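Secondary and tertiary structure notes
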Amino acid sequence: MRRITAKAKEETLIELQSASDSQFTEGPAVLTAFRININSDESRRNGVGSLLSETASLAEQTETDKLQPNRDTVFFRDGVRRIDFVLSYIDDKDERKQERRREFEANLEKEGLELETEDKSDSKDHKTYFLKIHAPWNVLAKYADILKIKVPFKESDFPHGREVPLEFLSCPFRLPDSIIHPQPDYFTSPFDKNKVEFFLISDKSTFFPPSTRNRIVYYILAHCPYYSEGRKDREKTGIKRLLSNGTYTAAFPLHDGRYWKKARNSEPESERYNLYKHWARFLCFYKEQPLNLIRKYYGEKIGIYFAWLGFYTEMLFFAAIIGLICFTYGVLSYDDNVSSKEICDAEVGGSILMCPLCDKKCPFWKLNSTCLSSWQSHLFDNEGTVFFAIFMGIWVTLFLEFWKRRQARLEYEWDLVDFEEEQQQLQIRPEFEIKCTNRRLNKITQEMEPYLTIHSRCARYSLSAATVLFWISLIVACIIGVIAYRLAVYAAFASIIKDPMRRIQLVGRFITPQLATSVTASCINFVIIMILNFFYERVAIWITDLEIPKTHLEYENRLTMKMFLFQFVNYYSSCFYVAFFKGKFVGYPGDYSYMFGKWSKLRNEECDPGGCLIELTTQLVIVMAGKQLWGNIQEALLPLLRTWWNSRRGRHNPENQYSRWEQDYILLNFTQLGLFYEYLEMVIQFGFITLFVASFPLAPLLALCNNILEIRVDAWKFTTQFRRPVASKARNIGAWKEILNAVAILSVVTNAFIMAFTSDMIPRMVYLYAISRDKSMKGYISNSLSVYNISQIPKTNMPEENWYDNSTVTCRYRDYRYPPGHMREYDHTMQFWHILAAKMAFIIIMEHVVFVVKFFVAWLIPDVPSDVKARIKRERFLIQEYLHNYEVERLKLQLSASFITEPHSETTLTPDMTLTSDKLEVLSEC
């Protein structure tokens, strides 16, 4: 016989408590018999006493557990009524809070909700009360009618789509039907409580899914007052105010079970467990997302987010492939780079003496010291980059157009057509009602409603605009500070890393002053970005609250625009500086340009002889990769470490000791702005891979790898770390759609300017086709460098140490100017103007080509698929036809009933009762 150890005893106890009641029928009897047999042999066996006591206590505990109800449940104590919402509070003997709770709960019961309270003695901490709320059918029907929730009234007769060729290839990426549970397609119509027979209702208890039930209950909670019937205090309304003043500590719907283990009974099946097992685990990264199950469990708003994120990741796959091909082309053409060979050649690059890049501290230097950076620049600055920049302009259009089609299909399948106009625009925020004391007649509803006066609106908007400008100016000031750091530190690095062949050979061969300055400045800029983000989130929320938007949709849109504006300037300003300002306003030896004037002694930065593109690449990689890494740490590791102990404690507590509402209570609260930050993170990433993608073709590949992880991390957070959010509807991604369109248009312009002014592609093309005699790139380096007489350099610009050969009387600098002794000494040459004209022509041609293709593709691809248009028209036609027939048949039955019942006396009621049942049958068939 196996010895029952302490660990085995605990595992056995958990297993017994997790089994169904039918499995305990013979358990206590068997254990009792086992105890009697042990007692009879006790005198003949040693060491049985401890086994006897443990087994006896186990039997007693089993008998006790059989009498206790299962607390890991989503039902009331009767096991029939489902828990649709839970409120928690701690009774701290505050009479005002007690009065609020009494009035609030009394008003909830007047609305028809059923309540059940769990005493604090039954909770784990013996301090918290839990109020469980159930919405019966009449309440659900009433508010489903008010909210115009669409429900099925007829199975769809529309033919399904044709089979896709080679569909079997996608089988490894699909989820089994046992998880997705495909359901028949139905035509739906807004619910009407007076026409219940019109809809396909098989079981009233399951007709409305849990997500719809908790949305209805939350709507009641948000609009229910907590003052007595005789008083009228507008401010004392809604669960939000009760949560803010501490009357209740939490309000949340319940998860339907544990995510790491199946439910005790197979019916109903735990959707949370299925989501965790087949969606939230990283090993499922190659599988499709169960969007219908996500929508059913979390609501349409969260479902739309994951649908968009999944579609965005799929489209990134094609951009990543093309970007990898372009980068591979740069690697394979490594040996054909004539310009880099000339720079690295000891006879060419080693014989060219370059002018100092800063005053005093920077020495003269040999061109071949930038050999490595020129090779690195070729990896990203080659002919393939032009093709990739044009491709990304078209890719953005395809992404946005195909998403419109995907969104239109989801709108129809998820009953979101015309949702915003009917629902969100009419739902006034409680904060707006509270803060706006003025009332006026609404011409549409003919009811008095609160409004914000024009004077108050102007004052609030002015303060909001001033605050936005102030914080944007603060961002610009920080960027200027980083630029000043670059200018000051460059001189320090230049004084350390002088002649790499003479001073520090090991480091100097790989690190140039430009590279060291760019890397350190990018890291400092990233730290500043993270610090400013901490303040911007709070400032944006404060400004939006100050404006008092009327509806929830308006609130989210305004907050979205402000937050994105802050983040846009914060993340992209440094990249814009490197791409479009660095090296463009330098001047020339003897007449250099300074950042704050000559008194500041901060000379404007020059680009590396290989171009500024490699520095833009460095800046982009550090900021983009650093943001993604920090975001993943915040989203995955920190919540995991924070909740690890609680989750472990929850797993090892039997269900009858640790209730379902307590397990959810210790989870993180999913706020109203939870999805806002998820969208913001992805849109900022979208800006990185579109605005500056010409400088780094591997950016889409980095974004693809990040998003594959992001989907599973977000799924894991929703499934394991957060309480179940209140289901809410959203027709689309909201204001983010317009932001993506704006970024897409801006990306065409930025990439055209990057290729023209940041890259050396245009000067090389002009030299190849207009200057070179043998149509090769030989001599390009010498042609792109102007000559200056060292004796004419002012003393303020001369280096402190001159290690160059005294026989050298000239130095070279990056520009197209006439040499000393020319009649137009140090003026721009005609080649400079030719190159400038070529750059402007390239910008115009590239923008027009990409925009023409964009508009043509947008015109060619309809926003709504033809089959979806036909389904919408078919559904609207059937709604009108069926409702008309329904009303006609009901009117006929009413007339026939009144005609039959009039001649009869009051005692002949049986035929009329029979007719009533017949009426219901006819109406249901209709």
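Predicted model, so just to flag it, every value in this text is computed and none were measured. Along each chain, numbering runs from 1 in the same order as the chain's sequence is written. Local features in a predicted model are, by the rule used here, given only for residues with pLDDT of at least 70; side-chain atom pairs are given and counted only at 80 or more, and totals for whole chains, interfaces and linings are based on all residues. Note that the side-chain values use all heavy atoms of the structure and ignore hydrogens as well as water.

Remarks on the overall build of the protein
By the criteria applied, helices consist of DSSP H or I runs no shorter than four residues and strands consist of E runs no shorter than two, each listed in order from the N terminus. Tallying secondary structure elements over the protein gives 31 helices and 14 strands in all. Each residue gets one of three labels from its accessible area relative to the maximum for its type: buried under 20%, exposed over 50%, partly exposed in between, using a 1.4 Å probe on protein chains only. Residues classed as buried in the protein amount to 50% of the 926 residues present. It only takes one pair of heavy atoms within 4.5 Å for two residues to be counted as in contact. By sequence separation, contacts in the protein at least 24 residues apart represent 78% of the contacts at least 6 residues apart. Within the structure as shown, the protein displays about 45,400 Å² of accessible surface, and the carbon and sulfur contribution to it stands at 59%. The method behind every accessible area is Shrake-Rupley, applied with a 1.4 Å probe, and residues are considered shielded solely by the protein chains displayed.

Focus on the nonpolar core
Trp308, Tyr312 and Trp395 are the most contacted members of the largest nonpolar core, which has 137 residues in total. The contact partners of tryptophan 395, leaving out residues within four places of it in the chain, are Tyr312, Met315, Leu316, Ala319, Phe686, Ile689 and Thr690. To form a nonpolar core, buried Ala, Val, Leu, Ile, Met, Phe, Trp, Tyr and Cys residues must be joined to one another through side-chain atoms within 4.5 Å. In terms of nonpolar packing, the next biggest core, distinct from the first, is built from 44 residues, Phe85, Leu87, Leu147 and Phe187 among them.

Looking at the packing of aromatic side chains
Aromatic pairs are defined between Phe, Tyr and Trp rings, using the six-membered ring for Trp, whenever the two ring centres lie within 6.5 Å; interplanar angles under 30 degrees are classed as stacked, those over 60 as edge-to-face, and all others as tilted. Under the counting rule described, the total for this entry stands at 69 aromatic pairs. With 6.5 Å between their ring centres and 25 degrees between their planes, phenylalanine 387 and phenylalanine 391 make a pair best called stacked. Of this pair, phenylalanine 387 and phenylalanine 391 both sit in helix H15 (residues 383-413), four residues apart, which is roughly one turn of the helix. Centre to centre, the rings of phenylalanine 851 and phenylalanine 855 are 6.2 Å apart; their planes meet at 20 degrees, and the pair counts as stacked. Note that phenylalanine 851 and phenylalanine 855 are positioned in helix H29 (residues 830-860) at a spacing of four residues, about one turn of the helix. On the basis of relative accessibility, which here comes to 18%, the residue phenylalanine 851 falls in the buried class. Placement of a charge over a ring requires the Lys NZ or Arg CZ to be within 6 Å of the ring centre, with the centre-to-atom vector within 35 degrees of the ring normal. Sitting over the ring of phenylalanine 75, arginine 82 keeps its end group 6.0 Å from the ring centre. A cation sits over an aromatic face here: arginine 538 above phenylalanine 534, 3.9 Å from the ring centre.

A few points about the state of the cysteines
When two cysteine sulfur atoms are found within 2.5 Å, that pair is recorded as a disulfide. For the structure shown, the criterion picks out two disulfides. One disulfide in the model links cysteine 344 with cysteine 371; its S-S distance is 1.7 Å. With the S-S bond torsion at 95 degrees, the cross-link from cysteine 344 to cysteine 371 turns out right-handed. With cysteine 344 in helix H13 (residues 338-344) and cysteine 371 in helix H14 (residues 371-380), the pair connects residues that are 27 residues apart, well separated along the chain. The exposure class of cysteine 344 is partly exposed, given its relative accessible area of 25%. Between the sulfur atoms of cysteine 355 and its disulfide mate cysteine 811 the distance is 1.9 Å. The sign of the S-S torsion, about 85 degrees, decides the handedness of the disulfide formed by cysteine 355 and cysteine 811: right-handed. Within this pair, whereas cysteine 355 is found in the loop between strand E7 (353-354) and strand E8 (365-366), its partner cysteine 811 is found in strand E14 (residues 810-814), the two being separated by 456 residues in sequence. No difference in accessibility class separates cysteine 355 from cysteine 811, as the two residues are buried.

Thoughts on the confidence of the model for the protein
Confidence of the predictor at the level of single residues is captured by pLDDT, which takes values from 0 to 100. When pLDDT is averaged across the protein, the result is 78; 79% of the residues are at 70 or more. pLDDT under 50 marks residues 1-68. Its contacts with residues more than four places away, or in other chains, come to 51 contacts. In the predicted structure, residues 650-655 sits below a pLDDT of 50 and forms 18 contacts with residues beyond four places in sequence or in another chain.

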